[in-house]
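Secondary and tertiary structure notes
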Amino acid sequence: MKVVGIVCSPRKGGNTEILVTEALEAAREAGSETKLILVADMKIAPCDGCSACSKSGVCRIEDDMQDIYRSFEEADGIIFGTPSYFNNVSAQAKAVIDRTYVSLLHGKLRGKVAAAIVAARRIGGGQILSLLYSYFTVQGMMIAGGGIGYGRNKGDVREGPGGSPVFTAIEEAQAVGRRVVKTIRKIS
Ligand SMILES: Cc1cc2nc3c(=O)[nH]c(=O)nc-3n(C[C@H](O)[C@H](O)[C@H](O)COP(=O)(O)O)c2cc1C
């Protein structure tokens, strides 16, 4: 079993990275192999709508998204992390989402388990979870829920609250990691 966590914040070592890392550590403790992808280190162009992928089955843009396609395809579960930027996903997250049009057309993510993690200072968390759940649904993925961690500056989420009134941000991220592993076990 393999769970991949993708951090779509441009800020390295930031709150999204902390939360996704905690989720992956919990997944590892629950028995999964894990892999962390930091989009901040990568060059990912937006989809240019050429639609060549509908026939070829591959994206013709030769950039770091090619590694992400491979990682996603190898994964049983994907934890998708983004900061809240103007109540929405980051530009980096949207580029990754749009570039998986080829995955949608060729069913490459269908049946995989998916969960979302959002780092927010104050607003947008619930809305962004809903956006990501609808993305997962379009891709035919099995939704294993998600979590929000509140914090503004790098590291604030270590002490910050989670989206649920009963969890801290870190507890919420760990619960996401465990739930992804549990869901993969249930459906396999
Ligand atoms: C361009 C920009 C837009 C932001 N918009 C929001 C927002 O709409 N709601 C919010 O709660 N926080 C907003 N924030 C704050 C970040 O979501 C918050 O600092 C988060 O912890 C950043 O995660 P990171 O450290 O992984 O980048 C914004 C930050 C930036 C840089």
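An account of the accompanying structure is given in this report.

Cut-off values and rules
- Residues numbered from 1 in each chain as written.
- Predicted model: local features only at pLDDT ≥ 70, side-chain atom pairs only at ≥ 80, totals over all residues.
- Pairing = 2+ DSSP bridges.
- Helix = DSSP H or I, 4+ residues; strand = E, 2+ residues; numbered from the N terminus.
- Axes fitted to C-alpha atoms, helices over the stretch in contact; angles between N-to-C directions.
- Buried ≥ 20, exposed ≤ 12 C-beta atoms within 10 Å, placed from the backbone.
- Near = placed C-beta within 6 Å.
- Nonpolar A, V, L, I, M, F, W, Y, C, P; charged D, E, K, R; others polar.

Across the sheet, 5 strands lie side by side as β2-β1-β3-β4-β5; this open sheet has parallel pairing. Unpaired on one side and paired on the other, β2 (33-38) and β5 (142-150) mark the two borders of the sheet. Taken over all neighbouring pairs, the strand axes of this sheet differ in orientation by 15° on average, direction set aside. Alignment of strand β1 (residues 2-7) against strand β3 (residues 77-83), held across 5 bridges, turns out to be parallel. Paired with Ile6 across the strands is Phe80, a residue of β3.

With 7 of 7 residues buried, β3 is to be regarded as a mostly interior element. Burial along β3 is two-sided: Gly77, Ile79, Gly81 and Pro83 facing one way and Ile78, Phe80 and Thr82 facing the other are all buried. Here β3 runs beside strand β4 (residues 113-120); their pairing, made up of 7 bridges, is parallel. The residue bridging Ile79 from the neighbouring strand is Ala115, located in β4.

The immediate surroundings of the ligand are formed by 20 residues, with Ser9, Gly14, Thr16, Pro83 and Arg121 found nearest. In terms of residues, the shell around the ligand owes the most to one element, helix α1 (residues 15-29), which gives 3 residues. Residue composition of the shell around the ligand, by class: 6 nonpolar, 8 polar and 6 charged.

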